[in-house]
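Results of the structural survey
Below, each chain spelled out in residue letters.
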Amino acid sequence: MTQAVTVKTLLEMKRNKTPIVSLTAYDYPFARIADESGVDILLVGDSLGMVVQGGASTLGVTMDEMIYHTRTVARGAKRALVVGDMPFLSYQVSLSEAVYNAGRFLKEAGAAAVKLEGGATVIDRIKAMTDAGIPVQAHIGLTPQSVHMLGGYRVQRDAERLRMDAEAVEAAGAFSVVLEGIPQDIAKNITAALRIPTIGIGAGRECDGQVLVLHDMLGLNDGHLPKFVKQYASLRKNAVEGVSAYVREVREKSFPGDEHAY
Ligand code: KIV
């Protein structure tokens, strides 16, 4: 069996210039599919608030919901590193709550690391978590939990601030940083400056790795897709075709056939 991915593997992949592949997953069957397909990091993103729960933002997702989904993903991951995404208000209120909630992902859900949003403003959280033995992936740029502060889901272009945030999270002990929604030349400079791998989403090809939201790249949802998404399959269309055929056959009594009966 191929060796399991650890935070050390990811640092090595950056050193060897091997692109890191990350994808979100929210349940066992898709975790199995992504793991078998060779994905290195399975991120149980709080994006589940939108793509699984149908919410308008990620803000309503709770710790208990994240633990539930992370547990199902961890059961399906044989090789990939499982990262649990810390939901809104699980790490902002106090340092002790932040460490406790981060620890729940490892203790109760089987994750190997957590992710949180923010740069220089969350370095005390990152340090406290890593001191407690919890690997942390940072996330800077377009941080969806701050959608109301950012005035919408907008590309972030302040190169100096982004560079300072990236260097701050690395110095605080993060093993990797997600760069979301930033121009590719800024992502390229940050990637060159850091020792830890950058994982881009809407940040161009010069990052050390890429992450996408599973439901977007597999075409599972209807509705708007951001410019940075490439759709690799049309699962919603296939599912509607399959379910419609079932509806038709039950109505016309051609299912179940004799071969499905006892
Ligand atoms: O919640 C999520 O899925 C994420 C990724 C888009 C990076 O944070």
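All of these numbers come straight from a predicted model, not from anything done at the bench. (Residues numbered from 1 in each chain as written. Predicted model: local features only at pLDDT ≥ 70, side-chain atom pairs only at ≥ 80, totals over all residues. Heavy atoms only, no water.)

Before going further, it helps to spend a moment on helix α11 (residues 235–251). In an α-helix, one turn spans 3.6 residues; hence positions three or four apart end up facing the same way. Helix length check: α11 (17 residues) gives 24 Å between terminal C-alpha atoms against 24 Å at 1.5 Å per residue, within 8%. Once α11 finishes, K253 follows within two positions and takes phi at roughly 60°, a positive value. (Helix = DSSP H or I, 4+ residues; strand = E, 2+ residues; numbered from the N terminus. Expected span 1.5 Å × (residues − 1).)

Here the focus is the sheet that holds strand β7 (residues 198–201). In spatial order, the strands read β1-β2-β3-β4-β5-β6-β7-β8; together these eight strands close into a barrel with parallel pairing. Recorded for the sheet is a direction-independent mean angle of 25° between the axes of neighbouring strands. In this sheet, β7 lies alongside strand β6 (residues 176–180) in parallel orientation, the contact comprising four bridges. Each residue of the ladder has a partner; that of E180, found in β7, is I201. (Pairing = 2+ DSSP bridges. Axes fitted to C-alpha atoms, helices over the stretch in contact; angles between N-to-C directions.)

Entries for the chain in the domain assignment read domain 1 (7–231) and domain 2 (234–262). Each of domain 1 and domain 2 has a C-alpha centre, and these two points are 38 Å apart. (Domains from an automatic or database assignment.)

So, about helix α6 (residues 123–131). Inspection of α6 places R125, I126, A128 and M129 among the buried residues, and these make up the whole buried set. Angular distribution of buried residues about the axis of α6 spans 165°; they occupy a single face of the element. Lining the buried residues of α6 we find α5 (95–107), β4 (113–117), β5 (136–141) and α8 (159–172). Looking one or two residues beyond α6, the residue adopting positive phi is G133, at roughly 85°. (Buried < 20%, exposed > 50% of the residue type's maximum accessible area, 1.4 Å probe, protein only. Arc of directions from axis to C-beta. Contact = heavy atoms within 4.5 Å.)

A word on the environment of I190. Counting through the fold element by element, I190 comes out in helix α9 (residues 184–193). By relative accessible area, I190 is classed as buried at 2%. Measuring from C-alpha to C-alpha, the distance between I190 and E167 comes to 8.3 Å, with 23 residues separating the pair along the chain. Not counting residues up to four positions away in its chain, the partners in contact with I190 are L162, R163, A166, L179, I182 and T198.

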